[in-house]
Structure formats: C-alpha cells, structure tokens
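Residues per chain, in single letters:
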Amino acid sequence: MTSQRPPPGDDFGIYYVLAECADHCHGPPAPTGGSQPHLQGVTGLRNLGNTCYMNAVLQCLCSISPLVEYFLSGKYITALHKDCSKVATAFAYVMTDMWLGDSDCVSPEIFRSALGNLYPTFMKKTQQDAQEFLIYVLNELHESLKKFHRRRSCETGSVPRCCRKAIASETSIVTRLFEGQLNYSIMCLKCENCTYRNEVFTVLPLPIPSEYKCSLQDCLQCFFQQDTLTWNNQLHCSCCETKQEAAVRASISKAPRIMIFHLKRFDILGTMKRKLRTDIHYPLTNLDLTPYICPVFRKHPKYNLCAVVNHFGDLDSGHYTAFCKNSVTQAWFSFDDTRVSEIPDTSVQTATAYLLFYSCQPFSIPIEKC
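Conventions we followed
Residue numbers run consecutively from 1 along every chain, following the written order of its sequence. In keeping with the model being predicted, local features are shown solely for residues with a pLDDT of at least 70 and side-chain atom pairs are shown and tallied solely at 80 or more, while totals for entire chains, interfaces and linings include all residues. By convention in this description, side-chain values take in all heavy atoms of the structure and omit both hydrogens and water. UniProt positions are given in the numbering used here, feature names are shortened, and annotations may be inferred rather than shown by experiment. Two strands form a pair only when DSSP identifies at least two bridges running between them. Only runs of H or I of at least four residues qualify as helices and only runs of E of at least two qualify as strands under DSSP, and these elements are numbered from the N terminus. Salt bridges are identified by distance alone: a Lys or Arg side-chain nitrogen within 4 Å of an Asp or Glu carboxyl oxygen. Between buried and exposed lies partly exposed: a residue is buried under 20% and exposed over 50% of the maximum accessible area for its type, with that area taken using a 1.4 Å probe on protein chains only. Axis definition: a line fit to C-alpha positions, over the contact stretch in the case of helices; interaxial angles, taken between N-to-C directions, run 0 to 180 degrees. Angles are sorted into four bins: roughly parallel if under 35 degrees, roughly antiparallel if over 145, roughly perpendicular if 65 to 115, and oblique for all others. Every residue pair with non-hydrogen atoms within 4.5 Å of one another is taken to be in contact. When residues are sorted by character, Ala, Val, Leu, Ile, Met, Phe, Trp, Tyr, Cys and Pro go into the nonpolar class, Asp, Glu, Lys and Arg into the charged class, and all the rest, Gly among them, into the polar class. Working definition: rings of Phe, Tyr and Trp (its six-membered ring) pair if their centres are within 6.5 Å, and the pair is stacked with planes under 30 degrees apart, edge-to-face with planes over 60 apart, and tilted otherwise.

Named according to an unreviewed UniProt entry, the chain is Ubiquitin carboxyl-terminal hydrolase 50 originating from Myotis myotis. For the chain, the Catalytic activity (unreviewed entry) comment in UniProt is given as "Thiol-dependent hydrolysis of ester, thioester, amide, peptide and isopeptide bonds formed by the C-terminal Gly of ubiquitin (a 76-residue protein attached to proteins as an intracellular targeting signal)."

Listed below in structure tokens is the structure:
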C-alpha cells in the first residue's frame, strides 16, 4: 500500500478509512523511482458495480477548484452539522484521496455507503441517472454545510421588480458556487396583467430542439423562448379572477459561478422510451449567457467549460465517463472509472455529452502538495 497523508483539518481520527480505500483499489501502483510523479487531481475511481454514473459525477465535482480548496483546506469542518455530516465528510475523504494521495485510482466506497444509507437506490448494483445523482449529492452537501441567516427584504431601489433577487435564508458552499435564480414573467393574455415568480436552480435542464444536430445556444434559446400556456395549462389571473391563457418567459436574475447544464437526452412518451443522440456543439470557452440574463445583472464574464459527463448506450443501460480540465496542468483528461488519459482539447467536443459544467472565472491551483 502506498503511503497517504490524512485529510487537511482532520480531527476525526479516520485516517485508516483512506488507507482502506487505497487497499481496495484495483488500479496500477503509484509511480516509483524515476517515473513520472502522480498528478494532483488525476485519479481514477473504482467501479463498485454499475457505479460509473457516480464516478463520472465525482470526477467533475472534484475538478472544480473552489470546491476542492474548500474541502482540502478543512474549511468544511467548521460548517458541518453533526446530525447530517456523513455525506460531506465522506466526500472530503474521497476528494483528499484523489488530490493528495499517491494511488492512480481510489475506491469511492465510503461515499457510496454514506449516500446509500439515505437513498438505498444508490446501493443497488443497477445503472442510475447521473443528473439525478448529482442533484442528490449537491442537496446533501448543502444540508450538511448550510448556515442560517436572518432573511432580509429583496433588493429595492432602482432594481426593477421583475429582476429583484430573493435573498436566501440558508447558504453553503453549494449555494455560493452552484445556485442560480430564474425569474419568470407571467402575462395574462386577456388583461395583460404581469406577475413575476423567482425559482432557484443548481442544474438547468435544457430541451434539445433538433434530432440530429444543434448547438448549445439553440438549446438555450429553446429554454428561454416565450411560452404560451393554453387549455389545461392556463393560469389563474388575480385581476380577471379566473384562469386565463398566459405568456411566460424566463430570464436569469442570478447567474451562478458554476453553471451546470443538463442536456435532456432521455425522452419518455407513455410506454415509449428513447434517447436523443443529437450532436450538440458546445463551446469550450467564451460561452455568452448575456441574452438570457436580466439586464440589471449582466455583470458576469463569459463562461468556460471545465467538465463534462458523457453517456453512451440506451436509457436503461449504458455507460458514463467524464472529461475534466485539470487546474494544475490546464490539460483535459478523460476519466473512465479506473482508466485515465490526457486528451487534446479537440476531443472534448463529442455527441455523447449529457452534463456540461461551465465556470465564469478561471480556476487556480486549489492546494499545493508537499
């Protein structure tokens, strides 16, 4: 077994867990002698039985530099809630192994067990949806690390009512990095009374408007275009005091630092299931979200791609992999469970993309390895 250092800020006496994870890894031994040293954050994950969906999501989350720095520095410890700390603590263990360990691959068993105790579905050796798994992970990390704040009134003054941002009463590293807010303007088509509704998001689900080929901008335009609600979808108008047809349009009133797009490839119509294999072109740099952001808050720089979850195969079966940009080398790597390889930028664009992670600022090296 290769030697490993305990997690930063570790005061729980669980160093042996990290050692056990390394022992269970089936990957090749760490480089020795004059061979190339193990790169920080470039570590495979053992497949525990159809857990490629989990491995792909963990690779993407563990490549996000501000999240890595938060956990490796031990900052998470002071925020932990003792009654629901297991998922966040296990996440920190796995991340520490991936960034500060010497093994070429590690086992995520401790994290799977922690999350599986809350959601037994993830303990089954069956394929699960990576997008659903990601949402569960982000929710549990938030619950473990959230801080309560006295709710203040929304922004006022010169900010238009339609663009005001609701101020959350709970914040965490998850809300600071991943949480955005949509504003829906709803206009009654009879009396033209306009109302507004805010909705927070961590993952933005994008429809795919074409069956063969389209761009990410096409998907965004489809999501943010005005929609008319008719028939059974009519909304109650407070002025008309009855249900009326309405025009609804969404805009972004708060853009997150990390924008996650879910490309809705899985389509279920009654008993029919299908996967949309549309080749979606997405930019690696300079994604412009300005047209979809409320004008008052168009202060964010353009977004750069930092990670991708890919899906191969069909709805009920298939395989997940990940592409992640390493903040140390600025190179892209492909992660297929324990198999890891560097890839050129040109290989990041594929027709198998399922989740896209974009950052509005360049990533710095999260922590220096001694």
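Colleague: So what's going on with the pairing of strand S12 (residues 246-254)? Which residues, and what values?
Modeller: Examined bridge by bridge, strand S5 (residues 180-188) and S12 share 8 bridges and lie antiparallel to one another. Within S12, the residue paired with Tyr184 across the bridge is Ala250.

Colleague: For the pattern of salt bridges, give the residues involved together with the corresponding values.
Modeller: For the structure on display, the rule yields 8 salt bridges. Two residues, Glu109 and Arg112, come together in a salt bridge whose shortest N-O distance is 4.0 Å. Here Arg112 and Glu109 lie together in helix H6 (residues 109-118), a separation of 3 residues that amounts to about one turn. The class for Glu109 is partly exposed, based on a relative accessible area of 30%. Ionic pairing is found between Arg197 and Glu199, a salt bridge with its closest N-O pair at 3.2 Å. Given a relative accessible area of 39%, Arg197 falls into the partly exposed group. The structure contains a network of salt bridges with shared partners spanning Glu143, Lys146 and Glu170.

Colleague: Tell me about the sheet that holds S5, and please be specific about residues and values.
Modeller: The pairing of strands in a sheet comes from backbone hydrogen bonds and takes either a parallel or an antiparallel form. The sheet built from 4 strands is open, its strands ordered S6-S5-S12-S9 with antiparallel pairing. A strand with exactly one partner marks an edge of an open sheet, and here the two such strands are strand S6 (194-201) and strand S9 (227-229). Geometrically, the sheet is characterised by an average inter-axis angle of 30° between neighbouring strands, direction not taken into account. Bridge count for S9 against S12 is 3 bridges, and the pairing is antiparallel. Residue pairing for S12: Thr228 is matched across the bridge by Ala247.

Colleague: Talk me through the packing of helix H3 (residues 65-72) against helix H5 (residues 86-100); I want residue IDs and the actual numbers.
Modeller: Viewed as axis vectors pointing N to C, H3 and H5 meet at an angle of 105°, and their least axial separation amounts to 9 Å. If you check the angle between H3 and H5, you find them roughly perpendicular. Within the contact between the two elements, H3 uses Leu67, Val68, Phe71 and Leu72 and H5 uses Ala88, Phe91, Ala92, Met95, Thr96, Trp99 and Leu100.

Colleague: So what about the packing of H6 against helix H7 (residues 130-145)? Which residues, and what values?
Modeller: Contact geometry for H6 and H7: axes closest at 12 Å, N-to-C directions at 90°. Of the possible angle classes, the one that applies to H6 and H7 is roughly perpendicular. Residue-level inspection shows Phe111, Leu115 and Leu118 of H6 in contact with H7, the latter providing Phe133, Val137 and Glu140. Partitioned by chemical class, the residues of the contact of H6 with H7 number 5 nonpolar, no polar and 1 charged.

Colleague: Which residues make up the packing of aromatic side chains, and what values go with them?
Modeller: Think of a pair of aromatic rings as described by two things: how far the centres are apart, and how the planes are tilted against each other in angle. Applying the stated criterion across every chain yields a total of 16 aromatic pairs. When the ring of Tyr119 is compared with that of Tyr136, the centres are 4.4 Å apart and the planes differ by 50°; the resulting orientation is tilted. With a gap of 17 residues between them, Tyr119 in the loop between H6 and H7 and Tyr136 in helix H7 connect regions that are remote in the sequence. A relative accessible area of 32% means that Tyr136 is categorised as partly exposed. Ring centres of Phe223 and Phe224 lie 4.8 Å apart, and the angle between their planes is 75°; on these two criteria the pair is classed as edge-to-face.

Colleague: Which residues make up the environment of Val203, and what values go with them?
Modeller: Here Val203 is to be found in the loop between S6 and strand S7 (204-206). By relative accessible area, Val203 is classed as buried at 11%. Along the sequence, Val203 and Phe261 sit 58 residues apart, while their C-alpha atoms lie 5.8 Å from each other. Each residue touching Val203, except ones within four places of it in the same chain, is listed here: Gln131, Leu134, Ile135, Ile260 and His262.

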